[in-house]
Amino acid sequence: MKIKTLLSPIHDPDARFLKPLREKLAILLSLYEHLIFAVSSKTSTKIVEFLESSPNVTVVSSNGYGFGARNAFGAALNFGDPYHWIDSDRILHWLTAYPDELAFLLENPPNEHYTILGRTERAKLTHPKSWVYCETPCNNLASKRFGIEMDICVANVFLSRNAVRWILKDSLTNDWGILTEWPITVIRNAEKNALSYIAIEGNEWEDPDYYEEEISIAGGIEQWKTQRYDSEAEWLKRFQNSIDIISPLLKHATDNE
């Protein structure tokens, strides 16, 4: 069954995504029947106004990642499944860099209730080293818990209608812990065909698409990557994200998924 509805969080105070959204929204609407954007309160009004003026687009509010997801999931039940949850900047990059890979998976998704779309090794290593290093224990522990070698840190998933209902009923996490809490929730509720995993090239690092001027000023992408993502503050942020992701695994450690 073809993926029908896109669910996409967006946080964009500087309207960096406005140009690619204007260029690509029509293509997204040709791939999905409906688009739902969970928009943060700090996102530029230019983004909100553009999305609200577009056909077959729903805008819901987001005040935290989990909160925005639940708003999007609640709205999604009014539209067809399966659903696709992915950050806006990442779907725009995937659409540009690997359109055939995206189109194929949307037309031929797995039958499981919940499919995690992770990164190939090449795609993973395009990300800053602070990200890759801090995410390694999350991926190792998730792989051990779910019995599938996986990269769980991207927030790119396909969901059935039942999966969305189960998550709305049982999931309470508001931070990056949703990445492990959601599959735990689905496994607990599903009698069969709960979980699958696919590694894709389109999950390569998308941030450089939106910082061309800053990259030029820094003297190139590697210099910019080091300046922006190899700071003490960035490492601390990534360690905290990893703790958030791991925490639901510890919370539900007595479950026998």
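Cut-offs applied
- Residues numbered from 1 in each chain as written.
- Predicted model: local features only at pLDDT ≥ 70, side-chain atom pairs only at ≥ 80, totals over all residues.
- Heavy atoms only, no water.
- Helix = DSSP H or I, 4+ residues; strand = E, 2+ residues; numbered from the N terminus.
- Buried < 20%, exposed > 50% of the residue type's maximum accessible area, 1.4 Å probe, protein only.
- Lys, Arg positive; Asp, Glu negative; His and termini not counted.
- Salt bridge = Lys/Arg side-chain N within 4 Å of Asp/Glu carboxyl O.
- Polar contact = N/O pair within 3.5 Å; in protein donor to acceptor, adjacent residues only side chain to side chain.
- Axes fitted to C-alpha atoms, helices over the stretch in contact; angles between N-to-C directions.
- Parallel < 35°, antiparallel > 145°, perpendicular 65-115°, else oblique.
- Contact = heavy atoms within 4.5 Å.
- Pairing = 2+ DSSP bridges.
- Phe/Tyr/Trp six-rings, centres within 6.5 Å; stacked < 30°, edge-to-face > 60°.

1. Topic: the side chain of D12
Part 1: Structurally, the position occupied by D12 is in the loop between β1 (5-10) and α1 (18-31).
Part 2: Although D12 is buried, it forms no salt bridge, and the closest oppositely charged side chain is R16 at an N-O distance of 5.6 Å.
Part 3: A distance of 2.7 Å separates a polar side-chain atom of D12 from the backbone nitrogen of F17.

2. Topic: the packing of helix α4 (residues 88-97) against helix α5 (residues 99-107)
Part 1: For the pair α4 and α5, interaxial distance at closest approach is 5 Å and the crossing angle is 110°. In terms of orientation, α4 and α5 fall into the roughly perpendicular class. Together, I91, W94, L95, T96 and A97 of α4 and P99, E101, L102 and L105 of α5 make up the contact between the two elements.

3. As for the environment of N63
Part 1: Tracing the sequence through the fold places N63 in the loop between β3 (57-62) and α3 (65-76).
Part 2: In this structure, the C-alpha to C-alpha distance between N63 and K42, residues 21 residues apart in sequence, is 9.4 Å.

4. Re the sheet that holds strand β6 (residues 156-159)
Hydrogen bonds between backbone atoms are what pair the strands of a sheet, whose relative direction is either parallel or antiparallel.
Part 1: With respect to topology, seven strands assemble into an open sheet ordered β3-β2-β1-β4-β6-β5-β7, the strand pairing being mixed. Pairing within the sheet leaves two strands with one partner each, and these edge strands are β3 and β7 (195-200). The average angle at which neighbouring strand axes cross in this sheet is 20°, direction not considered.
Part 2: Where helix α8 (residues 161-170) meets the sheet, it contacts β4 (83-86), β5 (114-119) and β6, and its direction lies at approximately 110° from that of β6.
Part 3: Relative to the sheet, helix α9 (residues 178-189) contacts β4, β5, β6 and β7, its axis offset from that of β5 by approximately 150°.

5. A closer look at the environment of I167
Part 1: Along the chain, the position of I167 falls in helix α8.
Part 2: In the structure, I167 is positioned 22 residues away from N189 in sequence and 9.5 Å away in space, judged by C-alpha atoms.
Part 3: The residues touching I167, leaving out its near neighbours within four places in the chain, are F73, Y114, L159, W182, T185 and V186.

6. Things to note about the packing of aromatic side chains
Part 1: Under the criterion given, the structure shown has 15 aromatic pairs.
Part 2: Here Y133 and F239 contribute two aromatic rings whose centre-to-centre distance is 6.5 Å and whose plane-to-plane angle is 85°, an arrangement assigned as edge-to-face. Of the two residues, Y133 sits in helix α7 (residues 129-146) while F239 sits in helix α12 (residues 232-251), which places them 106 residues apart along the sequence.
Part 3: For F239, a relative accessible area of 40% gives the class partly exposed.
Part 4: Between the aromatic rings of W205 and Y229, the centroid separation amounts to 5.2 Å while the plane-to-plane angle is 80°, which identifies the pairing as edge-to-face.

7. Brief notes about the pairing of β3
Along a regular strand, successive side chains alternate from one face of the sheet to the other.
Part 1: Across six bridges, strand β2 (residues 34-40) lies against β3 in parallel orientation. Note on β3: the bridge partner recorded for V39 is S61.

That's the geometry; what it means functionally is another story.
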